[in-house]
Number of protein chains: 2
Amino acid sequence: MAPSASPLLLPLISLFSLIFTAAVSQSTIQLPTAASHHQDGAVAYDDKVFCDSWRLSVETNNAGDLASNKPLRCRQYVEDYMTGIGIQADSDMLAYAALAYAKTVDIAGDGKDAWVFDLDETLLTNLPYFRDYEFGYKTVNLTVYFDWVEMAVAPAFPASLKLYNELKELGFALIIISGRGEGQRSATERNLVNAGFTGWDRLLFGEKADTGLQMRELKSKKRLQLVKEGYRLHANYSHQWCSLVGEAMATKSFKFPNPMYYVP
Amino acid sequence: MAPSASPLLLPLISLFSLIFTAAVSQSTIQLPTAASHHQDGAVAYDDKVFCDSWRLSVETNNAGDLASNKPLRCRQYVEDYMTGIGIQADSDMLAYAALAYAKTVDIAGDGKDAWVFDLDETLLTNLPYFRDYEFGYKTVNLTVYFDWVEMAVAPAFPASLKLYNELKELGFALIIISGRGEGQRSATERNLVNAGFTGWDRLLFGEKADTGLQMRELKSKKRLQLVKEGYRLHANYSHQWCSLVGEAMATKSFKFPNPMYYVP
């Protein structure tokens, strides 16, 4: 029998490899400019126009392969978006729409009116880590990532923290479903508190029994479990479509922006 | 018994009122700037940044009420987007992603591998009509709209026409499901041909029996009918989320951009 990794570590790696499938990929391709697909062939799109269109296609889940195989010409664009006013304004707008929706929900008072949040790149941002990996354009180092998680210093997205607290005030049961592994619970809880998040109802991770599940299956399984426990899933708030669709979908899905990486 | 409109006209008006619920609405609101929702309150977004975020929230179906109650400050932005490079680049990118997906589909050769298209604001653009109604900001006149439809001169979206022909070449059964009424069949067929579309497999309209259905229900009903007829719905291509979700969803949905109006 070949030497094997620790049985505790295996599911974690398995889960994380899912998260980072896209970011790890080195096969970023240079797209032909969209202009070459244009009927009259006469329209030349500059990088800003092209990358705006590319990002929209990712956010609407239209992009297909272009979601993970990010166009090389959008490298600077993604950095500018993630470090500038782009994601700030988009996450503010999203939180605004989400709060407006939240206020239309009748809260029964039995603690079962749930709002599901994703963790990474939704409540917390790993931007300080991704800076070293060209915002998703350079193959990430998982060992370094595990160390980063243990440091528990990922900042909150300001708009998400504000929304989180507003939802708590409204009486929602706040449920966080993370693609991280159960082994990171302690560091993650510390990180959440460091970043200002408190009072969650449930914090769910990938468990040993989830090994081998695709992210979509993992998230569906956790939601099904919540529904069985009597939770009413009014909303789901995530940076990945695979965490929004599938089984036991929430009544309303909110797609948080993330052009850095894509999970199939 | 009160005098009633012609029984033929009623379902049409009913259907069109659905289409134009959003555009007709005069209750466009002036949003507080997103900055006022920002945690530190210090970020002031200019119109371009704000309206980019607003449009993204519409296209991702996050916007809620803001999809139909368009922010007044985005009036010029919507016009610029619809008449400039914005929608051109976005529709090119979408067609590029759609064609890449189409090429992965195995075509059985029995004529049942279907690609569903929406009609208005997807294959055809009513932009010449909407110019007179401030691109969705001014209440539309339905009588004028009916006349416009009868003129049969709505242009094709170039990217959609190119994609349509490429899909035909690949062997897809091209199916158009329109929210228009059966009474507009003749004008619509003329318009499609005028704009360069030929060789569709099916062209479905709202029928008398569909009176009172919401757009989502209408589109679901038509798709269910197609599935019963043995069609495999590989893709659905529409400018409205209500035409993409519901029953008998296609394997893959493509959201065509449309910031002018929203159908609930």
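Residues numbered from 1 in each chain as written. Chains lettered and ligands numbered in written order. Predicted model: local features only at pLDDT ≥ 70, side-chain atom pairs only at ≥ 80, totals over all residues. Heavy atoms only, no water.

Glancing now at the sheet that holds strand β2 (residues 173–181) of chain B. All names here are of chain B. If you walk across this open sheet you meet the five strands as β3-β2-β1-β4-β5, and the pairing is parallel. Looking at strand neighbours, the two that pair on one side only are β3 (202–206) and β5 (252–255), the edges of this open sheet. Between one strand and the next, the sheet's axes are offset by a mean angle of 20°, whatever the strand orientation. Alignment of β2 against β3, held across four bridges, turns out to be parallel. Residue pairing across strands places Gly181 opposite Gly206, the latter belonging to β3. (Pairing = 2+ DSSP bridges. Helix = DSSP H or I, 4+ residues; strand = E, 2+ residues; numbered from the N terminus. Axes fitted to C-alpha atoms, helices over the stretch in contact; angles between N-to-C directions.)

Turning our eyes to something else, we now look at unusual backbone geometry. Trans peptide bonds make up most of the peptide bonds, and negative phi angles are found at most residues other than glycine. A positive phi angle is found at A:Glu134, which is not glycine, with a value near 50°. You can see A:Glu134 is positioned in the loop between α6 (127–130) and α7 (142–151). Overall, the relative accessible area of 33% leaves A:Glu134 in the partly exposed class. With a phi angle near 50°, B:Ala248 is a residue other than glycine that sits in the positive phi range. If you trace the backbone, B:Ala248 turns up in the loop between β4 (232–238) and β5. Under the relative-accessibility criterion, B:Ala248 is labelled partly exposed at 22%. (Buried < 20%, exposed > 50% of the residue type's maximum accessible area, 1.4 Å probe, protein only.)

This next bit is on the layout of surface pockets. Here the largest pocket defines a volume of roughly 880 Å³. Along the wall of the largest pocket there are 35 residues; nearest its centre are A:Asn61, A:Trp241, A:Val245, B:Trp241 and B:Met249. Only α3 (65–68) and β5 (252–255) of chain A together with β5 of chain B provide two or more residues apiece to the lining of the largest pocket. Class assignment of the residues belonging to the lining of the largest pocket gives a composition of 17 nonpolar, 12 polar and six charged. Roughly 400 Å³ of internal volume is contained in the second largest pocket. A per-element tally of the lining of the second largest pocket places helix α2 (residues 47–59) of chain B first, with six residues. When its residues are assigned to classes, the lining of the second largest pocket shows seven nonpolar, four polar and eight charged. (1 Å grid on protein atoms, 1.4 Å probe; cavity = no way out; pocket = protein on both sides within 12 Å on 5 of 7 lines; lining within 4 Å. Points joined across faces, edges and corners; volume = space filled by probe spheres on them. Nonpolar A, V, L, I, M, F, W, Y, C, P; charged D, E, K, R; others polar.)

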